[in-house]
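Listed here are the chains, written in short residue letters.
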Amino acid sequence: MSTMIDVKGINKCFGKNENKNQVLNDATFSVEKGEFVSLMGASGSGKSTLLYLIGGLDRDFEGSISMAGQEITTMKEKELSKFRLDKIGFVFQFYNLVQNLNVEDNILLPLTVKGYKKSELKEALDEILNITGLTEKRKAMPAQLSGGQQQRVAVARAVLGNPDIILADEATGNLDSVSGKEIMDLFKRLNREKGITILQVTHSADCASYSDRIVQIENGHIISDEIK
């Protein structure tokens, strides 16, 4: 296997001087291509901060991060934005759907931003609607959907462009247990059938049970890295 995510010696602080708070301390780990890895820790442990650094959403840190064989630490902003759009699918705790767009237009949004025409994406859209169980809801507006359905739209949007990596931050955090299980089953299916590498931040042992490995973080330190 090749390494898809390589994190080395990450240090991250918020604030300055007497208000300085070090949230990550020499964090180092890697994720291989096709793995499903959970990053776990208590609230305030640094897990979401680390995920945002890996996704290039925060660039103020020390250390190095490589994604899909490319060092993102030294990329210019325009280059990094293109890299994120091409290689990474993000799924957040809050669904971040555009309320005045229907399901299929929300799913298509990142690729239409890239210049694709809707007609070019019909086959891929039909496939991901089927995989996510949203075919019958394709014309529905977000306000007409349950929380679980909205999160499936967010997952479909993240996957449509065939990313190498999905980064998920507490993707089931706002869902009931049944909807949460549906999202985790969907992640597992995408990991197995499409070979997408998944790194999820979670505090849930149930969600972590779907992954191949669990990386534990405590007070900004990686304290364990175990294959399940």
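The following refers to the structure shown. Fair warning: this is a prediction, and the values are worked out from it, not measured in the lab. (Residues numbered from 1 in each chain as written. Predicted model: local features only at pLDDT ≥ 70, side-chain atom pairs only at ≥ 80, totals over all residues. Heavy atoms only, no water.)

### Thoughts on the overall build of the protein chain
How we decide: Helix and strand assignments follow DSSP, with helices taken as H or I runs no shorter than four residues and strands as E runs no shorter than two, numbered in order from the N terminus. Throughout, radius of gyration means the C-alpha value; the globule benchmark is 2.2 Å times the number of residues raised to the power 0.38. Per-residue accessibility, obtained with a 1.4 Å probe over protein chains only, is compared with the maximum for each type, and a residue is labelled buried under 20%, exposed over 50%, and partly exposed between these values. Per-residue accessibility takes into account occlusion by the displayed protein chains alone, with areas from the Shrake-Rupley method and a 1.4 Å probe. His is not counted, nor are the chain ends; Lys and Arg add positive charge and Asp and Glu add negative charge. A charged residue contributes its charge at one atom only: NZ of Lys, CZ of Arg, CG of Asp or CD of Glu.
Scanning the protein chain for helices and strands turns up seven helices and 10 strands. Over its C-alpha atoms the protein chain spans a radius of gyration of 17 Å, differing by no more than 12% from the 17 Å that the globule rule assigns to 228 residues. Across its three principal directions, the C-alpha atoms of the protein chain cover 50 × 40 × 40 Å. Among the 228 residues that make up the protein chain, the fraction classed as buried is 49%. Carbon and sulfur atoms form 47% of the exposed surface of the protein chain, whose accessible area is close to 11,200 Å². The centroid of the 28 positive side-chain charges in the protein chain is displaced by 6 Å from the centroid of its 31 negative side-chain charges.

### A closer look at the pattern of salt bridges
Note the threshold: Each reported salt bridge corresponds to a side-chain nitrogen of Lys or Arg within 4 Å of a carboxyl oxygen of Asp or Glu.
Taken as a whole and assessed by the stated rule, the structure comprises 20 salt bridges. Measuring nitrogen to oxygen at the nearest pair gives 3.2 Å for the salt bridge that ties Glu 77 to Arg 59. Of this pair, Glu 77 sits in helix H2 (residues 77–87) while Arg 59 sits in the loop between helix H1 (47–54) and strand S4 (62–67), and the two are 18 residues apart along the sequence. By relative accessible area, Glu 77 is classed as partly exposed at 45%. Across the salt bridge formed by Lys 87 and Asp 164, the nearest N and O atoms sit 3.4 Å from each other. Highlighted residues: Lys 87 in helix H2 and Asp 164 in the loop between helix H5 (147–159) and strand S7 (165–169), separated in sequence by 77 residues. A relative accessible area of 23% means that Asp 164 is categorised as partly exposed. Among the charged side chains, a network of salt bridges with common partners joins Glu 104, Asp 105, Lys 118, Lys 122, Asp 126, Arg 138 and Lys 139.

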